[in-house]
Amino acid sequence: MASLAQPLPMSVEEFLRWEPEDGLRYELESGVPKLAGEPLVRDGRTVAMAGGTTWHAKVSGNLLVALTTRLRGRGCITIGSDAVLQTREDTARLPDIGVYCDPRDLDFRDDEYRALRFPLAVFEVLSPSTRASDLSRKLAEYKEIVSVRSIVYVDPVPRTFETWERLGEREWHNESFLPGATLRLTGPPLEISSQEIFARD
């Protein structure tokens, strides 16, 4: 992940309409508490996202197709990293894939700039440049979204994946899967084989 690129704080609404001149993709990050228990400091600064490898893009595409196929007709949409997910008041992420089933996210106009707010599941394909943020700051943000039932991290190099599935308001079940395993989720209920996730053709 590259350095901060926009010096002034932005709101999520401003971020949605901002068109960076450098052609890079950005996320919007809010501040962090200075002391435990203090509220978040409004920050809203843009952070450039590093480019991914071809293999990263292929795995993301495989997942997107598999999820779209399995969820078709079930009242959900599956969207890739072009969609903005608002995780906090002044934070907007671009997860590799989000599954959205809440009517408040599904009721959108074709010409509307808006952030999605109520994902059922979030998928991130790890890369060396984003791994630390994906597994720490973003994980914490995704867990705070009450609609989220599953968070999935896919590591394309060793061909492994890790899941976090909600058990209660603050309880989560974390499981790591070895190469060759089948991805099984309860929210949404589905299965995807490793062969399908990591297919090269």
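In the block above lies the structure referred to throughout.
Residues numbered from 1 in each chain as written. Predicted model: local features only at pLDDT ≥ 70, side-chain atom pairs only at ≥ 80, totals over all residues. Heavy atoms only, no water.

Enquirer: Can you tell me about the pattern of salt bridges, naming the residues and giving the values?
Expert: What the rule picks out here adds up to 13 salt bridges. Here Arg109 makes a salt bridge to Glu112, at a shortest N to O gap of 3.8 Å. Linked through salt bridges whose partners overlap, the residues forming this network are Glu27, Glu29, Arg93, Asp134, Arg137, Lys138 and Glu141. (Salt bridge = Lys/Arg side-chain N within 4 Å of Asp/Glu carboxyl O.)

Enquirer: Please provide a residue-by-residue account of the state of the cysteines, values included.
Expert: Tallying each qualifying case throughout the model produces one disulfide. Between Cys76 and Cys101 runs a disulfide, and the two sulfur atoms are separated by 1.9 Å. For the disulfide bridge between Cys76 and Cys101, the dihedral angle about the S-S bond is near 105 degrees, and by the sign convention the bridge is right-handed. Placement of the pair is Cys76 in the loop between helix H2 (54-71) and strand S3 (77-80) and Cys101 in the loop between strand S6 (97-100) and helix H3 (103-106), with a sequence separation of 25 residues. Here Cys101 falls in the partly exposed class, since its relative accessible area comes to 23%. (Disulfide = S-S within 2.5 Å. Helix = DSSP H or I, 4+ residues; strand = E, 2+ residues; numbered from the N terminus. Buried < 20%, exposed > 50% of the residue type's maximum accessible area, 1.4 Å probe, protein only.)

Enquirer: If you had to explain H2 to someone new, which residues and values would you point to?
Expert: Spanning 18 residues, H2 covers 26 Å between terminal C-alpha atoms, matching the ideal 26 Å at 1.5 Å per step. Lining the buried residues of H2 we find S3, S6, strand S7 (119-125), strand S8 (150-155), strand S12 (189-193) and helix H6 (194-197). Looking one or two places after H2, you find Gly73, whose phi comes out positive at around 80 degrees. (Expected span 1.5 Å × (residues − 1). Contact = heavy atoms within 4.5 Å.)

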